[in-house]
Amino acid sequence: MNNIRSALVAFYILLVAVSANAETRSAEVSYMLQCQGCHTPSGAGVADRVPSFVGMLGNFLMVDGGRKFLIQVPGAAQSSLSDKELAQVSNWMLQKFSPAQVPDDFVPYAASEVGQLRQKPLVRVAEVRRKLLELMTEQGVNTAI
């Protein structure tokens, strides 16, 4: 009986591990299919054309409006990803490209939050981004990458 119980526990642990890895792989694949065409596989973007995520993405979480901005930019809000997929890829991107900048109290995006935010995609993206960067500078957040 102990062998069966041990085997079931081991199987459950394996299922949890596979599930967690599947979610990570799914987010990474979503990034490859939906984001890396512009932001590049490394997240570095293209100088003066496409913003880099590296060492920068998490900074948006430090200022009012930054969390919304990350979901409301047209590439995210208007992507073909479901709300759940967009939440997963956004959380993955923050940890992949900008883990040192993600605040300790960060609450991962949930599908329900993403669903609400993406209903109002940004029109003046550059203007909003510039204002958020100014806020970061005012608050002493390092925006040099």
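Whatever comes next refers back to the structure up there.
The structure contained in this document is the topic of the report that follows. (Residues numbered from 1 in each chain as written. Predicted model: local features only at pLDDT ≥ 70, side-chain atom pairs only at ≥ 80, totals over all residues. Heavy atoms only, no water.)

The helix and strand inventory of the protein chain stands at 7 helices and 0 strands. The linear arrangement of helices and strands in the protein chain, starting from the amino end, is α-α-α-α-α-α-α. Looking at the protein chain residue by residue over its 145 residues, the buried ones come to 36%. Once local pairs closer than 6 in sequence are excluded, the contacts in the protein chain between residues at least 24 apart make up 69%. In the form shown here, the protein chain has an accessible surface area of approximately 9100 Å², with 57% of it arising from carbon and sulfur atoms. (Helix = DSSP H or I, 4+ residues; strand = E, 2+ residues; numbered from the N terminus. Buried < 20%, exposed > 50% of the residue type's maximum accessible area, 1.4 Å probe, protein only. Contact = heavy atoms within 4.5 Å. Areas by Shrake-Rupley, 256 points an atom, 1.4 Å probe, with all protein chains shown as cover.)

Let's shift gears to helix α5 (residues 83–97). Helix length check: α5 (15 residues) gives 21 Å between terminal C-alpha atoms against 21 Å at 1.5 Å per residue, within 8%. Taken together, the buried positions of α5 are Leu 86, Ala 87, Gln 88, Val 89, Ser 90, Asn 91, Trp 92, Met 93, Leu 94 and Phe 97. (Expected span 1.5 Å × (residues − 1).)

Core analysis: the largest hydrophobic core is formed by 31 residues, its most contacted members being Tyr 31, Leu 70, Met 93, Leu 94 and Tyr 109. When contributions to this core are tallied by element, the ones reaching two or more residues are α1 (2–34), α3 (66–72), α5, α6 (111–117) and α7 (125–138). Ignoring sequence-local partners within four residues, the contact set of Met 93 consists of Tyr 31, Cys 35, Phe 53, Leu 57 and Ser 98. (Core = buried A, V, L, I, M, F, W, Y, C linked by side-chain atoms within 4.5 Å.)

Further remarks concern the environment of Met 93. Tracing the sequence through the fold places Met 93 in helix α5. Of the residues examined, Met 93 reaches a relative accessible area of 9% and is grouped as buried. Sequence separation between Met 93 and Ala 27 is 66 residues, and the spatial gap between their C-alpha atoms is 8.3 Å.

Function-wise, these values are silent; they only describe arrangement.
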